[in-house]
Amino acid sequence: MHKKIPALATAVRVATLAAVAAPSLALAGGFSLNEQCACAMGVANAGMAANAENATTVLFNPAGMSQLSGTNVSFGAAYLDIDAEAKSGTYSATDSLGQPYYGSGGGDIADPALLPNIYITHEVSDSIDVGFGIHAPYGLAADYDNDFTGRYFADKTELTVISFTPALAVNNGKGLSMGVALNIMYAEGRLSRYQDVRALAVGRMGADPATANYLADTYDTYADVEGDDIGVTMRVGFQYDLSSATRIGLTAQTGTELELDGDMELSQLPVATGNPAAPFTSTTLKEDVTVPLAIPESITVGIRHQLNDSVTLLAGATYALWSNFEELDIFSREGDSGAISALKGRTGDENPITHITEEWKNTWQFNVGAVWQLNPVWALKAGYAFDESPVDQYVTARIPSEDRHWLTLGAQWKDMASGWTVDAAVGTLIFNDDAEVYDREYAHTDPTGAPVSLSSYEGEYDLSAWSASVQISKAF
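These notes cover the structure that comes with them. Think of each chain on its own: its residues are numbered from 1, step by step along the sequence as written. Owing to the predicted nature of the model, reporting of local features is limited to residues with pLDDT of at least 70; listing and counting of side-chain atom pairs is limited to 80 or more, with chain, interface and lining totals taken over all residues. The side-chain figures draw on all heavy atoms in the structure; neither hydrogens nor water molecules are used.

We now examine the nonpolar core. Residues grouped as a nonpolar core are buried Ala, Val, Leu, Ile, Met, Phe, Trp, Tyr and Cys residues, joined through side-chain atoms within 4.5 Å. To sort residues, take the accessible area from a 1.4 Å probe on protein chains only and compare it with the maximum for the residue type: under 20% means buried, over 50% means exposed, and anything in between is partly exposed. Counting 66 residues, the largest nonpolar core has Phe31, Leu293, Ala397, Tyr457 and Tyr461 as its most contacted members. Only runs of H or I of at least four residues qualify as helices and only runs of E of at least two qualify as strands under DSSP, and these elements are numbered from the N terminus. With six residues, the top contributor of residues to this core is strand β12 (residues 280–295). Counting 18 residues, the second-largest nonpolar core is a separate cluster that includes Ala55, Leu59, Met65 and Leu314.

A few words on empty space enclosed by the protein. Residues are said to line a cavity or pocket when one of their atoms sits within 4 Å of a point; the points come from a 1 Å grid over protein atoms alone, cavities being sets where a 1.4 Å probe fits but cannot get out and pockets being open sets with protein on both sides within 12 Å along at least five of seven lines. Grid points are joined across faces, edges and corners, and a volume is the space filled by probe spheres set on the points. On inspection of all chains with the given rule, the structure shows six cavities of 30 Å³ or more. Space inside the largest cavity adds up to approximately 650 Å³. Looking at the largest cavity, it is lined by 36 residues, and the ones nearest its centre are Ser32, Asn34, Arg235, Thr300 and Thr318. Listed by contribution, the elements that provide at least two residues to the lining of the largest cavity are α4 (57–60), β8 (176–194), β9 (222–241), β10 (246–253), β13 (298–306), β14 (311–320) and β17 (363–373).

Now for the environment of Ala78. Within the secondary structure, Ala78 is located in strand β1 (residues 71–86). Residues in contact with Ala78, not counting those within four places in the same chain, are Glu35, Met41, Ala113, Leu114, Leu115, Ala468 and Ser469. Residue contacts are counted whenever heavy atoms from the two residues lie within 4.5 Å of one another.

This brings us to the pattern of salt bridges. Should a side-chain nitrogen of Lys or Arg be within 4 Å of a carboxyl oxygen of Asp or Glu, the pair is scored as a salt bridge. Applying the stated rule across the entire model yields 14 salt bridges. The partner of Glu265 in a salt bridge is Lys286, and the shortest N-O contact between them spans 3.4 Å. Of the two residues, Glu265 is situated in strand β11 (residues 256–272) and Lys286 in strand β12; the sequence distance between them amounts to 21 residues. A salt bridge links Arg404 to Asp387, with the shortest nitrogen-to-oxygen separation between them at 3.2 Å. Remark: Asp387 occurs in strand β18 (residues 378–387) and Arg404 occurs in strand β19 (residues 404–415); sequence separation between them is 17 residues. Bridged by salt links that share partners, the residues Asp95, Asp196, Arg198 and Asp217 form one connected network.

Burial along strand β5 (residues 128–135) is one-sided: Asp129, Gly131, Gly133 and His135 are buried, while Ile128, Val130, Phe132 and Ile134, pointing the other way, are not. Only when DSSP finds a minimum of two bridges between them are two strands counted as paired. Across eight bridges, the pairing between β5 and strand β7 (residues 156–171) is antiparallel. Counterpart to Ile134 in the pairing with β7 is Phe164.

Bringing the layout of surface pockets into the picture now. Here the largest pocket is characterised by a volume of approximately 850 Å³. Taken together, 31 residues line the largest pocket, and the ones lying closest to its centre are Ala52, Glu53, Gln412, Lys414 and Met416. Mapped by element, the contributors of at least two residues to the lining of the largest pocket are β1, β13, β14, β17, β19, β20 (420–431) and β22 (456–475). Its residues placed into classes, the lining of the largest pocket shows eight nonpolar, 14 polar and nine charged. Of the voids in this model, the second largest pocket is the one considered here, and its volume is about 530 Å³. Lining the second largest pocket we find 36 residues, and of these Ala113, Gly139, Leu140, Ala141 and Leu159 sit closest to its centre. Ranked by residues supplied to the lining of the second largest pocket, first place goes to β7 with five residues. In this count, Pro and Cys sit with the nonpolar residues alongside Ala, Val, Leu, Ile, Met, Phe, Trp and Tyr, while Asp, Glu, Lys and Arg are called charged and the others, Gly among them, polar.

Structure representation (structure tokens):
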């Protein structure tokens, strides 16, 4: 065996590079975050394009600032806890030689998240209002245990997006208002997974499976990609009072493509030493890379109807163009001379270092809600939303997903004399079914023409989630 091991050094290095991961960021509703404020969560975001309760309208529909008087401030946070874990007895995997690979279910992969926000609006004149907000419109986090059965498909997946949103609204004094807002987003992401060197060790150098297994077990090669970027989208909104009791709203948001610039690191990469007594050691390679990430266009309609002095009904729908997210590629920023690109033999800037097929679909979200005003101080809220998952054909181990139902309850306390309002809300997510993951290398193609891999991972995931939020608002 030792005679074969030194001869495989170059092949092992290339094999490690051929399967570097990029994520399949798949949540119901994509990687959008619904939990933006307690005032909206209480009604499952229903009708928020037409319902301006406080300064959070900067996010939902900037035209709603025309419904507010004076200066308004709103701040709060949402706590989101998702449980996602492969069900015992449902998961299995094969390595890149088609051999069974055994490990754990990976544990609960989703850590709790805290999502803060703050908004402010100011009435410049009877016809002009301005506002500003800071919030987290997109994000996700998943982390498997190190002994996860599908470790060659996923380990860590992280995306954090913070948006800074200036806004302007004008109105004609006759029930029609228009608003515009810019979402200036800072995004950072991380993708990682363990690397299986078996297939290319056998395919390129004719190693026997025992030798390939030895190399894979001895050098637990790991790929880690990190990057960040700043992007801008624009939201345009309208509101119109059909009557004193009914208001409709419409908002449309442009999309963009973030370019997450950062680096790719390959650690524990085996290299030959030329020493028969110790034929291998390990090294780390780095290369500057960029990961394009599509942010979708969307359009939202909403309606608010005050049924009587005590009850207000809300409804809305959002259509998002997630089909723009067709693939997730990692491109070199150093060209073919980059350490990783050179080893892979990548030719031309148009060829990515790695490619993963996504082919997401466009989605609908529908929501309804109601507010029951018990008295001038207290109100109760309830809401329901149906949220489609954009992931269709390619459901991977990165973030298992399914269509979901969102049930929420909320309460509001308001002191008219002081202008203070406090909202609190809780919600639970009910998923349509267990998420069925069937992850195959055919969705993770290697543009350098590496041998076809036989690795696979499949499993059924039990999904559940709950959230809680508090919002404090003040009108001056």
